[in-house]
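A look at the structure
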Amino acid sequence: MPDRMPIYVGDQAIEEFVSFCQRKNFRKFLVVADDNTYKALGDRVLQSMQQAGWDTQLALLHVHGLHADSHAISRVLAVYDGSPRVFVAVGSGTITDIVRFTSHRSRNEFVAFPSAASVDAYTSHNAAISIADFKTSVLCQIPIAIFTDLATVVASPRRLTASGIADLLGKFTSAADWKMSHMIWEAEFDKTIFLRVLENARRTTRELEKFQYVSAQSMAALMECHFESGFCMADFGNSAPASGGEHHIAHVWEMIAHLEGKPGWLHGEAVGVATIIEAGWYDRLRITKKDNAYALLQRANLPDKQTQEESLRRSLPLIAEKLINSNPILLRLADASLLEVVKERILDNWIEIQAIAESVPPASQIRAWLSQIGAPVDPADLKMDQDQVRLGTAFGPYMRDRFSINILRLLLGW
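What comes next concerns the included structure.

Definitions and cut-offs
- Along each chain, numbering runs from 1 in the same order as the chain's sequence is written.
- For a predicted model such as this one, the threshold for reporting local features is a pLDDT of at least 70, and the threshold for listing and counting side-chain atom pairs is 80 or more; totals across whole chains, interfaces and linings nevertheless cover every residue.
- To get the side-chain values, all heavy atoms of the structure are used, and hydrogens and water are removed first.
- The buried label applies to any residue whose accessible area, calculated with a 1.4 Å probe on protein chains only, is under 20% of its type's maximum; exposed applies above 50%, and partly exposed to all values in between.
- To qualify as a helix, a DSSP run of H or I must reach at least 4 residues; to qualify as a strand, a run of E must reach at least 2; elements of each kind are numbered from the N terminus.
- When DSSP finds at least two bridges between two strands, those strands are taken to pair.
- By convention, a stacked pair of Phe, Tyr or Trp rings (six-membered ring in the case of Trp) has centres within 6.5 Å and planes under 30 degrees apart, an edge-to-face pair has planes over 60 apart, and any other such pair is tilted.
- By definition here, a salt bridge exists when the distance from a side-chain nitrogen of Lys or Arg to a carboxyl oxygen of Asp or Glu is within 4 Å.
- The criterion used for residue contact is that any of the two residues' heavy atoms lie within 4.5 Å.
- Orientation is described by axes fitted as lines to C-alpha atoms, over the contacting stretch for helices, and by angles from 0 to 180 degrees between their N-to-C directions.
- These descriptions rest on fixed angle ranges, namely under 35 degrees for roughly parallel, over 145 for roughly antiparallel, 65 to 115 for roughly perpendicular, and the rest for oblique.
- Each crossing gets its hand from how the near helix is turned against the far one by less than a right angle, where anticlockwise is left-handed and clockwise is right-handed.
- When residue character is reported, Ala, Val, Leu, Ile, Met, Phe, Trp, Tyr, Cys and Pro are called nonpolar, Asp, Glu, Lys and Arg charged, and the others, Gly included, polar.
- The reported arc concerns the directions from the helix axis to the C-beta atoms and nothing else.

**Focus on the pairing of strand β8 (residues 145-149)**
Counted residue by residue, β8 has five buried out of five residues, so it is predominantly covered. Residues A145, F147 and D149 of β8 are buried on one face, and the alternating residues I146 and T148, pointing to the opposite face, are buried as well. For strand β1 (residues 7-10) and β8, the ladder comprises four bridges, and the chain directions are parallel. Opposite Y8, over in β8, you have F147 as the bridge partner. Two elements, strand β5 (residues 110-114) and β8, share two bridges in a ladder whose sense is parallel. The residue of β8 that forms the bridge with V111 is A145.

Following this line, the structure appears as structure tokens:
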């Protein structure tokens, strides 16, 4: 297992940060925060740096309409003066991804101050960034240290905590999709990391009741779950262990909201709802006998490549060309010979595929867990109409080169 960056979780985060910087002889910084995280924590972080006599810059982003996108990136780089500086991210997923990207592209290191237990991105190499309205996972860098002020995390909105838990529950389907992608599409896979992802999701369910009663102890445990999920991605080298079909559906929904200029929802909220949808397909997979699967696959007939491309251009015109140029799995499966190879692999591994499905809790159970923490459970809770829901499930498989249950259910005609 690779060496880990220093991680502090407690009530002396700022003091530990100052001590860390003194040991490293860091003296120049760029602090990035939004209106809310600056008031909650960033102001105190900045004051501690100024009191130490360090050269500090501040990129304060307006929280309204804030996304990890080209606009936010340009705002940060407009403040940055081009000299070597340690970037300091004070915030949750959006701020961390913005800083992960801008620090990496400007060849600087960065430190993270998580402001909520809302995401697993803190320890990951990957930044979820929207460039030209297309949301993708960009390989960047991990922070050199993380300083978690528990009082700030405990005081963060309950909605953020629920969103973070929903994201962790989504690891049940992401892990299953990853293993299936390995089995059917021969994607790279690591059994040890797979088991770590699965155990982390199970730990989340075991400690769910504790997480509901927000305290320093429970939030410290929840942050551990988020850090472990990020480490699984970092150790593997990309987001595959913790980002499956449920994330791909959520990404389409998020891009639609962004393109339409709507406030949208929290990432984990969309992932939670999409996880219920995927878990429903796994429910169906568990009870499908091989003979029935054989009959369904014999009738499988995906649209040809031109028809798929026309559908993408009609339904998602602003990002269609990027999706088409990525040559996604569904476009490649328009090749009848390749489709036959995949069908054969599915049937040859049917028992193992059903065993993968057994690792995913029933959709009703995931729904109950999400309801327990007050997270959305239906697209209507996210104020999505049926057309938006359809776009997410229909075009989610085009987002990444991964064979998910969403692709398998299309081949089975579900």
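**Observations regarding the packing of aromatic side chains**
The tally for this structure, following the rule as stated, stands at 15 aromatic pairs. Measuring from centroid to centroid gives 5.8 Å for F113 and F147, while their planes differ by 35 degrees, and the two rings are tilted. Placement of the pair is F113 in strand β5 and F147 in strand β8, with a sequence separation of 34 residues. Across the pair, exposure class does not vary: F113 and F147 are buried alike. Put simply, the rings of F17, F20, F26, F29, W54, F113 and F147 pair up and form one aromatic cluster.

**Overview of the pattern of salt bridges**
Scanning all chains against the criterion turns up 22 salt bridges. The partner of R332 in a salt bridge is D401, and the shortest N-O contact between them spans 2.3 Å. Taken as a pair, R332 in helix α16 (residues 329-332) and D401 in the loop between α20 (386-395) and α21 (405-411) lie far apart in primary sequence, 69 residues in all. According to the relative accessible area criterion, D401 is partly exposed, its value standing at 44%. Between E340 and K343 there is a salt bridge, and its shortest N-O distance comes to 3.3 Å.

**Things to note about the environment of A116**
One can find A116 in the loop between β5 and β6 (126-131). Looking at A116, the relative accessible area reads 0%, which means it is buried. Between the C-alpha atom of A116 and that of T37, which follows or precedes it by 79 residues, the distance is 9.5 Å. In contact with A116, not counting residues within four places along its chain, are S92, Y122, V153, S156, L160 and M223.

**A look at the packing of helix α7 (residues 171-185) against helix α12 (residues 267-286)**
In the contact formed by α7 and α12, the axes pass within 10 Å of each other and the chain directions differ by 50 degrees. The angle between α7 and α12 places the two elements in the oblique class. Judged by the sense of rotation from one axis to the other, the crossing of α7 with α12 is left-handed. Contacts between α7 and α12 pair T173, A176, D177 and M180 from the former with T275, E278, A279 and Y282 from the latter. When grouped by side-chain class, the residues that make up the contact of α7 with α12 number four nonpolar, two polar and two charged.

**Considerations on the environment of G170**
Along the polypeptide, G170 turns up in the loop between α6 (158-169) and α7. The class of G170 is buried, set by a relative accessible area of 0%. Here the alpha-carbon distance between G170 and A201, two residues 31 residues apart in the chain, equals 7.9 Å. Residues contacting G170, with those up to four places away along its chain left out, are E246, V271 and T275.

**Describing helix α3 (residues 70-79)**
Every buried residue of α3 is accounted for by A72, I73 and V76. Mapping the buried residues of α3 onto a view down its axis gives an arc of 100 degrees, with all of them on the same face. α3 presents H71 and A78 as exposed residues on the side facing more than 90 degrees away from its buried surface. Contacts made by the buried residues of α3 are with β2 (28-34), β3 (55-61), β4 (86-91), α4 (93-105) and β6.

**Focus: the sheet that holds β3**
With parallel pairing, six strands are arranged side by side in an open sheet as β1-β8-β5-β4-β2-β3. Among the strands making up the open sheet, the edge pair consists of β1 and β3. For this sheet, the mean angle separating the axes of adjacent strands, direction not counted, is 15 degrees. The sheet contact formed by β2 and β4 spans five bridges and is parallel. Of the residues in β4, the one forming a bridge with V31 is V88. Where helix α2 (residues 35-51) meets the sheet, it contacts β2, β3, β4, β5 and β8, and its direction lies at approximately 165 degrees from that of β2.

Such coordinate-based values are descriptive only and should not be taken to indicate function.
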